[in-house]
Amino acid sequence: MGFRSIVAYAPENMSTLGLGLAVKVFSDRYQLGVSCFDFVVATDTPGPVRTDLGLVQQVEHGLDRLAQADLILLLPGEDFPVPTPAATAALRDAHERGAIIAAYCSGAYLLAGTGLLDGLRATTPWRMASALTARFPKVRAVSDAVYVDEGQIVTCAGAAAGLDMFLHLLRREHGSSVANMIARDTVASPQRFGGQAQYASSPVLEDERIPAVLAWASENLRQPLSVNELAVRAHMSPRTFARRFKTATGTTPHAWLLNQRLNRVEELLETTDLSIQEIANETGYRNTTVLREQFIKRRGMPPRAYRSTFSRARTPGTTCTAGT
């Protein structure tokens, strides 16, 4: 039913940015009707923890809080942190009982040190990826991805990639409407592809035509849009448009359109009582069969099952109230 209890594990020299982003995303928003999150910070020994800025953060909770967590966030600390034996045992126990563990930036080293990343793909900031492979040869390091989702284990690169991973987890576990609402409240882009490159190898010249086309397409998903039509609106040849689109967004026009349509399908399933046929019409699908096939590929369940699971966000009694 989606995570509720969230524990951020704070290592020594904890990233101030990482903690700030986690607090911002998972703070109470009962006034917006978003499901409650119980968010706390924990460390090996409760007490003062020094941050990367030299400030001291007082952390009240110890590793025992990991036993209650649905989602554990491993915040960045030193460049190549090593988990303590106690933290390793707590994380392995949490993983065994089914908790989601998400490692942010150098937090991937903490996670790899527990053995939980063995045999899995994982990402970390590109400058640290080769060292991750050298130190943990059983980990399949991915150096050119914003985040990597392996189900119960999720990892991401540094800095702003943490926000992308948090929003991805919200979308995956709580649905599009919750993720979009929190993205709007944090003034963030609702979704960035996990496989998008961490950095551009050369400077990107700004071209206002691409954002304008994206905005127009987002408002006109009901139409049977084609890449050629988008290129015409951008006053570019299809080849030039595809190249500049990939540079600006990290993906292809076709993949972007598919993602936008499915995002909209999810939101309509969660927040309306429209029939599947009506949703297909609203999102530019020729028929419900195509919609259903693409939706199952993305979510692993048909649209009606998704609606049954995630429409709880509209059910009285499932949202926060002041003081809860």
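Residues numbered from 1 in each chain as written. Predicted model: local features only at pLDDT ≥ 70, side-chain atom pairs only at ≥ 80, totals over all residues. Heavy atoms only, no water.

1. Re the pattern of salt bridges
With the rule as written, the count across this model stands at eight salt bridges. Residue Arg-65 pairs with Asp-38 through a salt bridge whose shortest N-O separation is 3.6 Å. With a gap of 27 residues between them, Arg-65 in the loop between β4 (56-59) and β5 (71-74) and Asp-38 in strand β2 (residues 38-42) connect regions that are remote in the sequence. Asp-38 sits in the partly exposed class, given a relative accessible area of 31%. (Salt bridge = Lys/Arg side-chain N within 4 Å of Asp/Glu carboxyl O. Helix = DSSP H or I, 4+ residues; strand = E, 2+ residues; numbered from the N terminus. Buried < 20%, exposed > 50% of the residue type's maximum accessible area, 1.4 Å probe, protein only.)

2. Focus: the nonpolar core
Judged by nonpolar contacts, the single largest core of 38 residues is most densely connected at Phe-3, Phe-26, Leu-71, Leu-73, Met-165, Phe-166 and Leu-170. Going through the elements one at a time, β1 (5-9), α1 (16-25), β5, β6 (100-104), β10 (153-156), α5 (161-174) and α6 (176-185) are the ones with two or more residues in this core. The residues contacting Met-165, other than those within four sequence positions of it, are Ala-102, Ala-103, Tyr-104, Tyr-147, Val-154, Thr-155 and Cys-156. (Core = buried A, V, L, I, M, F, W, Y, C linked by side-chain atoms within 4.5 Å. Contact = heavy atoms within 4.5 Å.)

3. Looking at the sheet that holds β1
If you walk across this open sheet you meet the six strands as β2-β1-β5-β6-β10-β9, and the pairing is mixed. Both edges of this open sheet fall to β2 and β9 (147-149), since each of them pairs with a single strand only. With strand direction ignored, the average angle separating the axes of adjacent strands in the sheet is 15°. Contacting β1, β5, β6 and β10, helix α2 (residues 85-96) runs over the sheet at an angle of about 145° to β5. (Pairing = 2+ DSSP bridges. Axes fitted to C-alpha atoms, helices over the stretch in contact; angles between N-to-C directions.)

4. Focus: the side chain of Arg-65
Given the relative accessible area of 13%, Arg-65 is considered buried. For Arg-65, the residues in contact, after removing those within four places along its chain, are Val-7, Asp-38, Val-40 and Ala-42.

5. Quick notes on unusual backbone geometry
At Ala-159, a residue that is not glycine, the phi angle is positive and equals roughly 50°. Within the secondary structure, Ala-159 sits in the loop between β10 and α5. Even without glycine at this site, His-235 takes up a positive phi of about 60°. Within the secondary structure, His-235 sits in the loop between α8 (227-233) and α9 (238-249).

6. A short note on the pairing of β6
Counted residue by residue, β6 has five buried out of five residues, so it is predominantly covered. Both faces of β6 are covered, namely the face carrying Ile-100, Ala-102 and Tyr-104 and the face carrying Ile-101 and Ala-103. This β-α-β element, β5 to α2 to β6, shows right-handed connectivity. Here β6 runs beside β10; their pairing, made up of four bridges, is parallel. Counterpart to Ala-102 in the pairing with β10 is Val-154. (Right-handed = clockwise from strand over helix to strand, strands pointing away.)

7. What about α9?
With twelve residues, α9 should reach 16 Å at 1.5 Å per residue; the first-to-last C-alpha distance of 16 Å fits that figure. Buried within α9 we find Phe-241, Phe-245 and Thr-249. Burial along α9 is one-sided: seen end-on, the buried residues are contained in an arc of 40°. Close packing links the buried residues of α9 with α7 (209-219), α8 and α10 (253-271). One or two residues past the end of α9 sits Gly-250, with phi positive at roughly 85°. (Expected span 1.5 Å × (residues − 1). Arc of directions from axis to C-beta.)

8. Side note on the side chain of Asn-220
For Asn-220, the position within the fold is in the loop between α7 and α8. Polar contacts involving the side chain of Asn-220 include one to the main-chain carbonyl oxygen of Trp-216, which spans 2.7 Å. Within the structure, Asn-220 has its side chain in polar contact with the side chain of Gln-223 (distance 3.1 Å). (Polar contact = N/O pair within 3.5 Å; in protein donor to acceptor, adjacent residues only side chain to side chain.)

9. A short note on the pairing of β1
Within β1, five of the five residues are buried, which leaves the element mostly enclosed by the surrounding structure. Burial along β1 is two-sided: Ser-5, Val-7 and Tyr-9 and Ile-6 and Ala-8, pointing in opposite directions, are all buried. Where β1 and β2 come together, five bridges link them in parallel fashion. Looking at the pairing, Ser-5 lines up with Asp-38 of β2. By the bridge criterion, four bridges tie β1 to β5 in an arrangement that is parallel. Considered in β5, the bridge of Tyr-9 is made with Leu-74.

10. Notes on the packing of aromatic side chains
Two measures describe an aromatic ring pair: the distance that separates the ring centres and the angle between the ring planes. Here the structure, examined in full by the defined rule, presents twelve aromatic pairs. Plain terms: the ring middles of Phe-3 and Phe-26 are 6.0 Å apart, the flat faces sit at 75° to each other, and that makes the pair edge-to-face. You can see Phe-3 sitting in the segment before β1 and its partner Phe-26 sitting in the loop between α1 and β2, a full 23 residues away along the chain. For Phe-3, a relative accessible area of 2% translates into the label buried. The class for Phe-26 is buried, based on a relative accessible area of 1%. Taking 6.3 Å as the distance between ring centres and 65° as the angle between the ring planes, the aromatic pair formed by Tyr-109 and Phe-136 counts as edge-to-face. (Phe/Tyr/Trp six-rings, centres within 6.5 Å; stacked < 30°, edge-to-face > 60°.)

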